[in-house]
Amino acid sequence: MTYSIIGIITTVVLIINNRDVLWGRDDYIKTATYKAYRYLLFGILAYLITDMLWGILDAHHLITTIYIDTVIHFIAMATAVMLWTRYVTVYLGNKNGFGKLLSYAGNLFLCFEIITVCVNFFVPVLFSFDTDGTYHAGIARYITLAIQIVLFLLTSLYALANLSKTSGTERRRYLTIGLFGSAITIFIFVQLFYPLLPFYAMGYMLGTCLLHSFVVEDEKDEYREALKAALLKAEEASKAKSAFLSKMRHEIRTPMNAIIGINNIALQDPTTNDKTKEYLGKIGTSANHLLGIINDILDMSRIESGNITLKEEAFLLSREINQVNTIISGQCSEKNLTYKFQATCDMDACYMGDAMKLKQVLINILGNSVKFTPEGGSVSFTIEEVSESNDSKTFRFIISDTGIGISKEYLPHIYDAFSQENYASTNKYGSTGLGMPITKSIVEMMKGQIDVESEKDKGTTFTLTLTFGKTAQKAMSESAADDHTDSEATDDAFKGKRILLAEDMAINAEIMIAILGTKGIEADVAENGRIAVDLFTSHGSGYYMAVFMDMKMPEVDGLEAAKLIRSSDHPDAASIPIIALTANAFDEDVQKSRDAGMNAHLSKPVEPDLIFQTLRQYS
């Protein structure tokens, strides 16, 4: 029973020590080395089980059963050796002559053992049992053990001899195989003289403990390196995607600015006949729809890549909501819809948050309400105060319509990208299926909540719950008052004024000259930032009322040009309004403009009304 007890202990130690490998729980068990090691462990485990059973069967004199177990024992032993030769070849990365020789030797040894076992059924060359059940070793047993001693010893000597030629992880691997081979060689040599004591099993127990310590750490190191490489690749891909988006946003929006700008100029031309104006109106509608699609795709890409950030700035709630109401009420009027707005909270206070993202969310939802509500219907917008703390206030924004509604089946999918309940509605209403996914993502970024209730053919209600920080800042209130300035009186003051326009594209400069000319404003055009700085510094105080600065220009870009103007000795250097007028429309672009000393950031294509509204604000 001593034989079985040692076999049981050895088996338990192997299972406990290598449970992570045998169970395959680690995600990194995917390399060829780890698979080869796992197969080796299963081979050794099979051998140990036969060893464990042998002592139990011998104690009960079950001669027939013990004979079968011994046959399996020798085959399992040879199989383990064969798997070991394969493992060594993979672990050391040996594709040279020794590696091939070792693999062939392992396969030949297994074949030799199978043939010997088969012969043993007729001639006891390997082992035999007498009538009393006593085990007798045959000559083939000694040959089998001698072959294994030669294989393990030669491999150990080969591995140890290569230590001086290697370093780092590779050196540790050669050392591991050298020590393992030496330990097994010693235990097998002792087993030659004591066939009824499990020295072979003890050698495997010691050897697998040694292997596990080194092999698992090696694989973890390689896995970590692989993760680092994958992370680096992902970061490079993210940078490439950001660079692509940055390039595309500029290259797409720039021609869109020309299309929409020239179209608006043509519509305002008194010589344009009514039929042509009708065509131009349709072109303008399609161009704006295309611009909306482009913006949605860019926004969704940035959300997915995690490149969108929230600003934490003071804003006047009434100012932002008034802007939303102006846009939506105009859309409702064009479609003959009733628009109702009411607020049961303090709107005339400043709060901390991202006003631009708030407006984007509200316009997305309200725009959908307008889009999907038939003529004669209604859209309502209500703002309520939910709760208040010492440093924040929570609002509920409720948007309802009497539109086509959403079915209960589709309702869970409204936030899926590119998802639409009825794809035929794309042609009728014009939709990318990205508005609501973008809206939900922004609301979640703002740590808010969005809920929706809808009934088919009866309407839809969206409820947003958002919290904003309190602030004592009053500057926004003052700027809000500017909105109520008599625009006509201000526009009269524009006549005869001069603008410095830094724009490298002739078509865009032509559009801006035409727009500014409608208010009697003259423009000096600079084809790049260097010329813009020279023009500004070469004229006296008050010569220019403002500077419109493109960001992407040759020689000196808009950001650098703005910094040069602000740092110049010109009397107006610190006070002249510098307004970014660019196709770069992302949040980080706005921040770069402000960091460069610009007062405002307008994204192309820009509506003429917004241009003049900005001039009024800073004039």
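Residues numbered from 1 in each chain as written. Predicted model: local features only at pLDDT ≥ 70, side-chain atom pairs only at ≥ 80, totals over all residues. Heavy atoms only, no water.

1. Some thoughts on the pairing of strand β8 (residues 449-455)
At step 1: Judged by which residues are buried, β8 turns out to be one-sided: Ile450, Val452 and Ser454 face inward and are buried, whereas Gln449, Asp451, Glu453 and Glu455, on the alternate face, are not.
At step 2: Pairing of β8 with strand β9 (residues 459-470), which is carried by 7 bridges, proceeds in the antiparallel orientation. The partner of Glu455 across the bridge, within β9, is Gly459. (Buried < 20%, exposed > 50% of the residue type's maximum accessible area, 1.4 Å probe, protein only. Helix = DSSP H or I, 4+ residues; strand = E, 2+ residues; numbered from the N terminus. Pairing = 2+ DSSP bridges.)

2. Quick notes on the confidence of the model for the protein chain
At step 1: For the protein chain, mean pLDDT is 82; residues scoring 70 or higher make up 85% of the total.
At step 2: Across residues 475-486, confidence stays below pLDDT 50; counting only partners more than four residues off in sequence or on other chains, it has 16 contacts. (pLDDT = per-residue confidence, 0-100. Contact = heavy atoms within 4.5 Å.)

3. Let's talk about the packing of aromatic side chains
At step 1: If you walk through the whole model with that rule in mind, you get 22 aromatic pairs.
At step 2: Taking the centre distance of 6.3 Å and the plane angle of 45 degrees together, the rings of Phe395 and Phe397 count as tilted.
At step 3: Phe397 gets classed as buried once you look at its relative accessible area, which sits at 0%.
At step 4: One aromatic cluster is present, built from ring pairs that chain together Tyr67, Phe74, Phe121, Phe127, Phe129 and Tyr135.
At step 5: The ring of Tyr142 carries Arg141 above its face, with NZ or CZ at 5.1 Å from the centroid. (Phe/Tyr/Trp six-rings, centres within 6.5 Å; stacked < 30°, edge-to-face > 60°. Lys NZ or Arg CZ within 6 Å of the ring centre and 35° of its normal.)

4. Regarding the environment of Ile398
At step 1: Structurally, Ile398 is set in strand β7 (residues 392-401).
At step 2: Put simply, Ile398 and Thr461 are 63 residues apart on the chain and 7.0 Å apart in space, counted from C-alpha to C-alpha.

5. Some thoughts on the pairing of strand β13 (residues 578-582)
At step 1: Of all the 5 residues making up β13, 5 are buried; the element is thus mostly covered by neighbouring parts of the structure.
At step 2: Two strands pair when backbone bridges link them, and strand β12 (residues 546-549) and β13 are joined in this way by 3 bridges, in the parallel orientation. Each residue of the ladder has a partner; that of Phe548, found in β13, is Ile579.
At step 3: Taken together, β12, helix α18 (residues 558-566) and β13 constitute a β-α-β crossover, and its handedness is right-handed.
At step 4: In this structure, β13 lies alongside strand β14 (residues 600-603), joined through 4 bridges in parallel fashion. Residue pairing in the sheet places Ile579 in a bridge with Ala600 of β14. (Right-handed = clockwise from strand over helix to strand, strands pointing away.)

6. Examining the pattern of salt bridges
At step 1: Applying the stated criterion across every chain, the model contains 13 salt bridges.
At step 2: Of the charged contacts, one joins Arg498 and Asp524 as a salt bridge, the two residues approaching to 2.8 Å between their closest N and O atoms. You can see Arg498 sitting in strand β10 (residues 498-502) and its partner Asp524 sitting in strand β11 (residues 522-526), a full 26 residues away along the chain.
At step 3: Note that Asp534 is salt-bridged to Arg530, the shortest N-O span being 3.5 Å. With Asp534 and Arg530 both in helix α17 (residues 529-537), this residue pair falls 4 residues apart, about one helical turn.
At step 4: One salt-bridge network, in which partners are shared between bridges, spans Lys275, Glu278 and Lys282. (Salt bridge = Lys/Arg side-chain N within 4 Å of Asp/Glu carboxyl O.)

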